[in-house]
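As a plain string of letters, each chain reads:
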Amino acid sequence: PDELRSLLTRFRLLVTVDEATDFSPLELACIERFALPEGGVTISGDLMQRVTETGLRDWSDMKTVCRPYQTSELNVSYRQTERLFNIARDLYKHATGLEPKFKSAYPHRAEDPPALSAKTGKETPAAQWLVDRICEIFTLGGKHLPTTAILVPTLADVDPLKAALLPLLRENGLELDASHGGQDLGDSARVRIFPVEHIKGLEFEAVFYVGLDRMADIHKDLIDKYVYVGLSRAKSFLGVSFERQFPPRLKPIEHHFELGGVWGKVAPANGNPDTQPV
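Here the structure is a predicted model, which means the values were calculated and not measured.

Enquirer: How should the nonpolar core be read in this particular structure?
Expert: Judged by nonpolar contacts, the single largest core of 37 residues is most densely connected at Tyr209, Leu212, Val227 and Leu238. Listed in part, the 30 residues of the second largest apolar core include Leu130, Ile134, Ile137 and Phe208.

Listed below in structure tokens is the structure:
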């Protein structure tokens, strides 16, 4: 019939779904229907990276509405240092109650940067702490800034932090972009600010969380997943700031962070790093 024939151009031999856990079972069942009968459907995802309220909480959620799948576990990670990977393992174990099966492809290296935390406020503004850490990374990279992301609790936090950071970073010859909708991919030319809910699908050498305790208050049951996802986006450097205390929900990973630590000896962020000793 013409009514059905008009739909044929919308079908595909192969349908693939990444970040499948962000979709509901019903959405996945609908997506499956775009595959031709002689074709196939492949889905991939990590339950700990679900950042939607309606997404999958367990793979068994699909059984009543989706086709049966042949499963395959991917247990080796190639993205981040072993040091950061261990934080993800502990967070996974705390959140799920299960011993993680996955492991890092890389060996432990003493020279890998530690994760850092800082309590910020009037005496230690978050913007100044960020600039000091970013300048350290810039110096350690041989006057080259790697891809860097700053994650804030909400969209409303993006512009105020940009206003505070912009003059400090420009004094050090560094650029800054505000990505309100997560639409901009990272590059090594500038620092980028994102609302935390838009971290999916991006990858950076360095990731900072600003106001982690307020982020936990706002996002509640999703905070462990937002941190877990951020861990999977950070390759080498991870820093978090909080205003009152390290969030109680994330206490099992607090020991991985060096409170008040630094990645190098940094001069005050008030000059071009090409001309001042950093």
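Still to come is the rest of the account.
Enquirer: Mind showing me how you'd approach helix α3 (residues 82-96) here?
Expert: The α-helix winds at 3.6 residues per turn, so residues separated by three or four positions along the chain end up facing the same way. For α3, which comprises 15 residues, the first-to-last C-alpha distance of 21 Å matches the rise-based estimate of 21 Å (1.5 Å per residue) to within 8%. Listed in full, the buried residues belonging to α3 are Glu82, Leu84, Phe85, Ile87, Ala88, Leu91 and Tyr92. Where α3 terminates, the next one or two residues include Gly97, which has phi positive at roughly 80°.

Enquirer: Is there a simple way to explain a nonpolar patch on the surface in this structure?
Expert: Together, Val76, Tyr78 and Tyr106 line one region of the surface with nonpolar side chains, adding up to about 320 Å² of accessible area. For Tyr106, the location among the structural elements is in the loop between β4 (103-104) and β5 (115-119). Under the relative-accessibility criterion, Tyr106 is labelled partly exposed at 38%.

Enquirer: Teacher, can you tell me more about the layout of surface pockets here?
Expert: Gaps left between atoms show up when a probe the size of a water molecule is rolled over them. Computed from the structure, the largest pocket encloses a volume of approximately 1800 Å³. Lining the largest pocket are 50 residues, and of these Gly45, Asp46, Leu47, Trp59 and Leu74 sit closest to its centre. Breaking the lining of the largest pocket down by element, the ones donating at least two residues are β2 (35-43), β3 (76-77), α3 and α7 (223-233). Among the residues making up the lining of the largest pocket, the classes are represented as 21 nonpolar, 14 polar and 15 charged. Considered as a void within the structure, the second largest pocket measures approximately 160 Å³ in volume. Contributing to the lining of the second largest pocket are Thr120, Ala126, Ala127, Val152, Pro153, Asp157, Leu161, Val210, Gly211, Arg214, Ser241 and Glu243. Considered class by class, the residues forming the lining of the second largest pocket number 6 nonpolar, 3 polar and 3 charged.

Conventions and cut-offs
- Residues numbered from 1 in each chain as written.
- Predicted model: local features only at pLDDT ≥ 70, side-chain atom pairs only at ≥ 80, totals over all residues.
- Heavy atoms only, no water.
- Core = buried A, V, L, I, M, F, W, Y, C linked by side-chain atoms within 4.5 Å.
- Buried < 20%, exposed > 50% of the residue type's maximum accessible area, 1.4 Å probe, protein only.
- Helix = DSSP H or I, 4+ residues; strand = E, 2+ residues; numbered from the N terminus.
- Expected span 1.5 Å × (residues − 1).
- Patch = residues over 30% accessible without salt bridge, like charges linked within 9 Å, V, L, I, M, F, W, Y side chains within 5 Å.
- Areas by Shrake-Rupley, 256 points an atom, 1.4 Å probe, with all protein chains shown as cover.
- Salt bridge = Lys/Arg side-chain N within 4 Å of Asp/Glu carboxyl O.
- 1 Å grid on protein atoms, 1.4 Å probe; cavity = no way out; pocket = protein on both sides within 12 Å on 5 of 7 lines; lining within 4 Å.
- Points joined across faces, edges and corners; volume = space filled by probe spheres on them.
- Nonpolar A, V, L, I, M, F, W, Y, C, P; charged D, E, K, R; others polar.

By themselves, these observations are geometric and do not establish any function.
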